[in-house]
Amino acid sequence: MLVPSRVASDAELDRSDVSQHMPGSVRCCDSRSKRTFDIIVAVAALIVLLPLFFSIAILIRFSDGGSPFYRHPRLGRSNTRFDCLKFRTMHVDSQAILTRYLSDNPAAMDEWRRSHKLKDDPRVTSIGYLLRKTSLDELPQLINVISGEMSIVGPRPIVSSEIEKYGHDATIYFSVRPGLTGAWQVSGRSDTTYAERVRLDRAYVETWSLAKDMIIVARTIPAVFFARGSY
(Lines give C-alpha, C1' and ligand atoms only; values in the text may rest on other atoms or scores of the structure.)
Protein backbone atom coordinates (compact mmCIF):
# COMPACT_ATOMS: atom_id res chain seq x y z
CA MET A 1 0.00 0.00 0.00
CA LEU A 2 1.14 3.51 -0.80
CA VAL A 3 2.31 5.23 2.41
CA PRO A 4 2.60 9.04 2.37
CA SER A 5 5.77 10.58 3.69
CA ARG A 6 5.63 13.35 6.29
CA VAL A 7 8.28 16.03 6.54
CA ALA A 8 8.11 18.79 9.11
CA SER A 9 8.61 22.28 7.72
CA ASP A 10 11.08 24.79 9.16
CA ALA A 11 8.07 26.85 10.25
CA GLU A 12 6.42 24.01 12.19
CA LEU A 13 4.66 25.32 15.28
CA ASP A 14 5.24 23.87 18.70
CA ARG A 15 2.15 21.87 19.63
CA SER A 16 2.20 22.88 23.28
CA ASP A 17 2.30 26.58 22.42
CA VAL A 18 -0.58 26.20 20.00
CA SER A 19 -2.67 24.24 22.50
CA GLN A 20 -2.19 26.86 25.24
CA HIS A 21 -3.72 29.57 23.05
CA MET A 22 -6.54 27.50 21.54
CA PRO A 23 -10.15 28.20 22.42
CA GLY A 24 -11.87 25.24 24.08
CA SER A 25 -13.90 24.53 20.95
CA VAL A 26 -10.73 24.18 18.88
CA ARG A 27 -9.22 21.71 21.35
CA CYS A 28 -12.47 19.70 21.17
CA CYS A 29 -12.20 19.67 17.38
CA ASP A 30 -8.87 17.90 17.84
CA SER A 31 -10.23 15.42 20.38
CA ARG A 32 -9.75 11.67 20.77
CA SER A 33 -13.37 11.03 19.80
CA LYS A 34 -12.84 12.78 16.48
CA ARG A 35 -9.69 10.76 15.81
CA THR A 36 -11.53 7.53 16.63
CA PHE A 37 -14.31 8.54 14.26
CA ASP A 38 -11.72 9.27 11.55
CA ILE A 39 -10.06 5.86 11.83
CA ILE A 40 -13.33 3.90 11.88
CA VAL A 41 -14.78 5.73 8.87
CA ALA A 42 -11.53 5.73 6.84
CA VAL A 43 -10.77 2.03 7.38
CA ALA A 44 -14.37 1.01 6.65
CA ALA A 45 -14.51 3.18 3.51
CA LEU A 46 -11.17 1.87 2.26
CA ILE A 47 -12.29 -1.74 2.68
CA VAL A 48 -15.62 -1.17 0.95
CA LEU A 49 -14.11 0.92 -1.86
CA LEU A 50 -10.98 -1.17 -2.41
CA PRO A 51 -12.23 -2.73 -5.70
CA LEU A 52 -13.07 0.76 -7.03
CA PHE A 53 -9.72 2.05 -5.75
CA PHE A 54 -7.74 -0.56 -7.70
CA SER A 55 -9.95 -0.25 -10.80
CA ILE A 56 -9.29 3.50 -11.01
CA ALA A 57 -5.54 3.00 -10.46
CA ILE A 58 -5.36 0.37 -13.24
CA LEU A 59 -7.42 2.55 -15.61
CA ILE A 60 -5.10 5.53 -15.14
CA ARG A 61 -1.98 3.37 -15.53
CA PHE A 62 -3.16 1.85 -18.80
CA SER A 63 -4.42 5.17 -20.20
CA ASP A 64 -0.97 6.75 -20.56
CA GLY A 65 1.54 4.58 -18.69
CA GLY A 66 2.09 7.14 -15.93
CA SER A 67 1.72 6.70 -12.18
CA PRO A 68 -1.90 6.46 -10.99
CA PHE A 69 -1.07 8.59 -7.95
CA TYR A 70 -0.10 12.20 -7.46
CA ARG A 71 1.57 13.58 -4.34
CA HIS A 72 1.15 17.28 -3.68
CA PRO A 73 2.88 19.05 -0.75
CA ARG A 74 0.26 20.61 1.52
CA LEU A 75 0.20 22.22 4.96
CA GLY A 76 -1.65 20.55 7.79
CA ARG A 77 -2.02 20.78 11.55
CA SER A 78 0.72 22.78 13.29
CA ASN A 79 1.92 24.03 9.87
CA THR A 80 3.35 20.57 9.12
CA ARG A 81 4.04 19.70 5.50
CA PHE A 82 2.70 16.39 4.19
CA ASP A 83 2.12 14.68 0.86
CA CYS A 84 -1.59 14.96 0.07
CA LEU A 85 -2.50 11.96 -2.08
CA LYS A 86 -4.76 11.99 -5.12
CA PHE A 87 -5.40 9.92 -8.19
CA ARG A 88 -3.56 11.65 -11.03
CA THR A 89 -6.02 13.54 -13.22
CA MET A 90 -3.60 15.43 -15.47
CA HIS A 91 -1.35 14.53 -18.37
CA VAL A 92 2.22 13.59 -17.46
CA ASP A 93 3.52 16.73 -19.23
CA SER A 94 0.86 18.97 -17.65
CA GLN A 95 3.20 21.90 -16.89
CA ALA A 96 4.30 22.24 -20.50
CA ILE A 97 0.65 22.03 -21.64
CA LEU A 98 -0.34 24.77 -19.18
CA THR A 99 2.48 27.08 -20.24
CA ARG A 100 1.53 26.81 -23.94
CA TYR A 101 -2.18 27.23 -23.23
CA LEU A 102 -1.79 30.35 -21.09
CA SER A 103 0.59 31.98 -23.55
CA ASP A 104 -1.96 31.48 -26.35
CA ASN A 105 -5.06 32.46 -24.36
CA PRO A 106 -5.04 35.88 -22.58
CA ALA A 107 -8.51 35.27 -21.07
CA ALA A 108 -7.33 31.99 -19.57
CA MET A 109 -4.24 33.76 -18.21
CA ASP A 110 -6.48 36.27 -16.40
CA GLU A 111 -8.59 33.43 -14.96
CA TRP A 112 -5.45 31.63 -13.80
CA ARG A 113 -4.07 34.75 -12.10
CA ARG A 114 -7.34 35.29 -10.22
CA SER A 115 -7.89 31.79 -8.85
CA HIS A 116 -5.11 29.45 -10.02
CA LYS A 117 -7.90 27.37 -11.55
CA LEU A 118 -9.26 26.90 -15.07
CA LYS A 119 -12.79 25.77 -15.84
CA ASP A 120 -11.55 24.44 -19.18
CA ASP A 121 -8.20 23.02 -18.08
CA PRO A 122 -6.28 21.43 -20.99
CA ARG A 123 -4.05 19.53 -18.55
CA VAL A 124 -6.89 17.31 -17.36
CA THR A 125 -7.29 13.92 -19.02
CA SER A 126 -10.70 12.52 -20.03
CA ILE A 127 -10.50 10.06 -17.13
CA GLY A 128 -9.31 12.85 -14.85
CA TYR A 129 -12.30 15.01 -15.75
CA LEU A 130 -14.69 12.30 -14.58
CA LEU A 131 -12.69 11.70 -11.40
CA ARG A 132 -12.72 15.41 -10.55
CA LYS A 133 -16.45 15.85 -11.22
CA THR A 134 -17.22 12.97 -8.85
CA SER A 135 -14.37 13.78 -6.39
CA LEU A 136 -13.13 10.21 -6.78
CA ASP A 137 -9.65 11.63 -7.36
CA GLU A 138 -9.53 12.31 -3.60
CA LEU A 139 -10.10 8.68 -2.52
CA PRO A 140 -6.37 8.09 -1.77
CA GLN A 141 -6.64 10.72 0.98
CA LEU A 142 -8.24 7.99 3.09
CA ILE A 143 -4.64 6.83 3.53
CA ASN A 144 -3.71 10.33 4.73
CA VAL A 145 -6.54 10.08 7.26
CA ILE A 146 -5.42 6.68 8.57
CA SER A 147 -1.82 7.92 8.88
CA GLY A 148 -2.99 10.88 11.00
CA GLU A 149 -2.14 13.67 8.54
CA MET A 150 -5.78 14.41 7.72
CA SER A 151 -9.25 14.05 9.18
CA ILE A 152 -12.47 12.85 7.55
CA VAL A 153 -13.99 16.31 8.11
CA GLY A 154 -12.11 19.60 8.38
CA PRO A 155 -10.79 22.54 6.36
CA ARG A 156 -9.47 21.42 2.99
CA PRO A 157 -5.63 21.19 2.75
CA ILE A 158 -3.86 24.33 1.58
CA VAL A 159 -0.51 25.21 -0.01
CA SER A 160 1.93 27.83 1.27
CA SER A 161 0.67 30.55 -1.08
CA GLU A 162 -2.83 30.29 0.42
CA ILE A 163 -1.78 31.13 4.01
CA GLU A 164 -2.08 34.89 3.40
CA LYS A 165 -5.68 34.42 2.22
CA TYR A 166 -6.57 33.09 5.69
CA GLY A 167 -5.04 36.13 7.43
CA HIS A 168 -5.47 35.93 11.21
CA ASP A 169 -7.66 32.85 10.74
CA ALA A 170 -4.59 30.84 9.68
CA THR A 171 -4.12 30.05 13.39
CA ILE A 172 -7.52 28.36 13.39
CA TYR A 173 -6.65 26.39 10.25
CA PHE A 174 -3.33 25.15 11.67
CA SER A 175 -4.94 24.08 14.96
CA VAL A 176 -6.70 21.08 13.37
CA ARG A 177 -6.09 18.38 10.78
CA PRO A 178 -7.27 19.27 7.26
CA GLY A 179 -10.25 17.25 6.04
CA LEU A 180 -11.16 14.93 3.21
CA THR A 181 -14.46 16.79 3.17
CA GLY A 182 -15.74 19.82 5.02
CA ALA A 183 -18.18 22.71 5.24
CA TRP A 184 -16.74 24.29 2.09
CA GLN A 185 -16.93 20.96 0.24
CA VAL A 186 -20.70 20.72 0.77
CA SER A 187 -21.39 24.43 0.19
CA GLY A 188 -20.53 24.81 -3.45
CA ARG A 189 -16.69 24.48 -3.46
CA SER A 190 -15.46 26.28 -6.58
CA ASP A 191 -18.74 28.24 -6.81
CA THR A 192 -17.95 30.06 -3.53
CA THR A 193 -15.40 32.81 -2.88
CA TYR A 194 -12.20 32.17 -0.96
CA ALA A 195 -13.33 34.57 1.77
CA GLU A 196 -16.46 32.45 2.19
CA ARG A 197 -14.31 29.32 2.37
CA VAL A 198 -12.27 30.85 5.21
CA ARG A 199 -15.46 31.89 7.03
CA LEU A 200 -16.88 28.37 6.72
CA ASP A 201 -13.64 26.82 7.99
CA ARG A 202 -13.51 29.09 11.03
CA ALA A 203 -17.17 28.51 11.87
CA TYR A 204 -16.68 24.74 11.56
CA VAL A 205 -13.72 24.69 13.95
CA GLU A 206 -15.31 27.03 16.50
CA THR A 207 -18.64 25.16 16.60
CA TRP A 208 -17.37 21.61 16.11
CA SER A 209 -19.25 18.57 17.33
CA LEU A 210 -19.15 14.91 16.36
CA ALA A 211 -22.76 15.21 15.24
CA LYS A 212 -21.76 18.03 12.89
CA ASP A 213 -19.06 15.80 11.36
CA MET A 214 -21.67 13.10 10.74
CA ILE A 215 -23.99 15.63 9.10
CA ILE A 216 -21.23 16.92 6.80
CA VAL A 217 -20.31 13.35 5.80
CA ALA A 218 -23.97 12.69 5.00
CA ARG A 219 -24.22 15.93 2.97
CA THR A 220 -21.03 15.07 1.08
CA ILE A 221 -22.68 12.10 -0.64
CA PRO A 222 -25.30 14.12 -2.61
CA ALA A 223 -22.79 16.93 -3.17
CA VAL A 224 -20.45 14.44 -4.85
CA PHE A 225 -23.28 12.63 -6.66
CA PHE A 226 -24.56 15.88 -8.23
CA ALA A 227 -21.00 17.22 -8.69
CA ARG A 228 -21.93 20.58 -7.18
CA GLY A 229 -19.24 23.24 -7.51
CA SER A 230 -16.52 20.88 -8.77
CA TYR A 231 -14.27 21.42 -11.79
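Here's what I pulled together on the structure shown here. (Residues numbered from 1 in each chain as written. Predicted model: local features only at pLDDT ≥ 70, side-chain atom pairs only at ≥ 80, totals over all residues. Heavy atoms only, no water.)

The next point concerns the environment of Ser 175. Mapping Ser 175 onto the fold places it in the loop between helix H9 (170–174) and strand E5 (179–181). A residue is classified by how much of its surface remains accessible, and Ser 175, at 4% relative accessible area, is buried. Residues Ser 175 and Arg 77, 98 residues apart in the sequence, show an inter-C-alpha distance of 5.6 Å. Engagement of the side chain of Ser 175 in a polar contact is seen with the backbone oxygen of Ile 172, the distance being 2.6 Å. (Helix = DSSP H or I, 4+ residues; strand = E, 2+ residues; numbered from the N terminus. Buried < 20%, exposed > 50% of the residue type's maximum accessible area, 1.4 Å probe, protein only. Polar contact = N/O pair within 3.5 Å; in protein donor to acceptor, adjacent residues only side chain to side chain.)

Turning our eyes to something else, we now look at a nonpolar patch on the surface. A contiguous nonpolar surface patch, about 310 Å² in accessible area, is contributed by Ile 39, Val 43, Ile 47 and Ile 146. Among the elements that take part in the nonpolar patch, helix H3 (residues 32–64) stands out by supplying 3 residues, more than any other. Along the chain, Val 43 turns up in helix H3. The partly exposed category is assigned to Val 43, whose relative accessible area is 35%. (Patch = residues over 30% accessible without salt bridge, like charges linked within 9 Å, V, L, I, M, F, W, Y side chains within 5 Å. Areas by Shrake-Rupley, 256 points an atom, 1.4 Å probe, with all protein chains shown as cover. Salt bridge = Lys/Arg side-chain N within 4 Å of Asp/Glu carboxyl O.)

Here the focus is the pairing of strand E2 (residues 69–75). Here E2 runs beside strand E3 (residues 81–87); their pairing, made up of 7 bridges, is antiparallel. From the neighbouring strand, Arg 74 faces E3, where its bridge partner is Phe 82. Adjacent in sequence and paired antiparallel, E2 and E3 are bridged by 5 residues, among which Ser 78 carries a positive phi angle near 60°. (Pairing = 2+ DSSP bridges.)

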